[in-house]
Amino acid sequence: MSLPEQKAVPADAGGHCIAIDTLPRDGRPAGVRCSSVDELRLLISREQIDARIAEMGRQITADSGGAPVVFVGVLKGAAVFLSDLVRRVNLDATFDFIGVASYGNPRGPKQEKVWDSTGEVRLTKDVEHSLRDKNVILVEDILDTGLTLAFLKRLLLGHQPKSFRVAVLLDKPSRRKLAVEADYVGFTIPDEFVVGYGLDYAERYRNLPEVYVLPGVLPAE
Ligand code: IMP
């Protein structure tokens, strides 16, 4: 799905703010929370995410032909997406999680934000149950260079599943280094660093209900 034009995010005199309509009114205008550190730009709204995930759930349900499915979420970024997606499929579904580390925490002072893409991917947590003869759907937050997905695909195909599909919320095709693609893509986005809805920058912002661009983050390449 392509994205509509980006919306400006309101800011108050106190600094940088993001619009979130579920926050308590603690003296500030309702629906606005301020961040003292970074300025975020709204990229994908909660409504757009909900609508798209409902479509993806319908598509996965139709494609699965009534067969049971095991969703395998990639920690930690895909946890939020997986929890919404599995509630939108009408199937006999179970889920499991796998953990990988591929990027270090950002280095340097705030104004020189970088994230480290060394190309190295390692397993930090394996799945708990055998995937042999199962219909597996790997659930990732974002497909970027493709290094993580290529690593996980090789690993999970080694379990000899009956079928293997990949669902990603976001796809940044312009950054691809390896020829891997997802079967289900929520949104194709430009080459910008995004946070929220499970995605982090140095472990922050995962709890934001929408997807935001965090300006000024550069890949360390
Ligand atoms: P890949 O291995 O380069 O495809 O990257 C996949 C992983 O990189 C994702 O699961 C994220 O953890 C991280 N990543 C890539 N781009 C972003 C981004 O824009 N925001 C937050 N994390 C990202």
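Note that the coordinates shown come from a computational prediction; the quantities given were computed from them, not determined experimentally. Per chain, residue numbering runs from 1 following the sequence as it is written. Owing to the predicted nature of the model, reporting of local features is limited to residues with pLDDT of at least 70; listing and counting of side-chain atom pairs is limited to 80 or more, with chain, interface and lining totals taken over all residues. Water and hydrogen atoms were dropped before computing side-chain values, which therefore reflect all heavy atoms in the structure.

Draft legend 1. Inspection of unusual backbone geometry at higher detail. A cis geometry characterises the amide bond from L75 onward to K76, with omega recorded as -10°. Take K76: it is sitting in the loop between β4 (69–75) and α2 (79–86). The backbone phi angle of D133 is positive, close to 65°, even though this residue is not glycine. Helix and strand definitions follow DSSP, with helices as H or I runs of at least four residues and strands as E runs of at least two, each counted in order from the N terminus. Locating D133 in the fold gives a position in the loop between β6 (114–125) and β7 (135–143). Overall, the relative accessible area of 55% leaves D133 in the exposed class. One non-glycine residue with positive phi stands out, namely A202, at about 55°. The rule is simple: take the accessible area with a 1.4 Å probe, protein chains only, and divide by the maximum for that residue type; under 20% is buried, over 50% is exposed, in between is partly exposed.

Draft legend 2. Examining the pattern of salt bridges more closely. In the sections that follow, a salt bridge refers to a side-chain nitrogen of Lys or Arg positioned within 4 Å of a carboxyl oxygen of Asp or Glu. Counted under the stated rule, the structure contains twelve salt bridges. Two residues, R41 and E192, come together in a salt bridge whose shortest N-O distance is 3.1 Å. In this pair, R41 is assigned in strand β3 (residues 41–44) and E192 in the loop between β9 (184–188) and β10 (194–195), connecting sequence segments 151 residues apart. Using a relative accessible area of 25% as the deciding quantity, one classes E192 as partly exposed.

These figures capture arrangement, not role.
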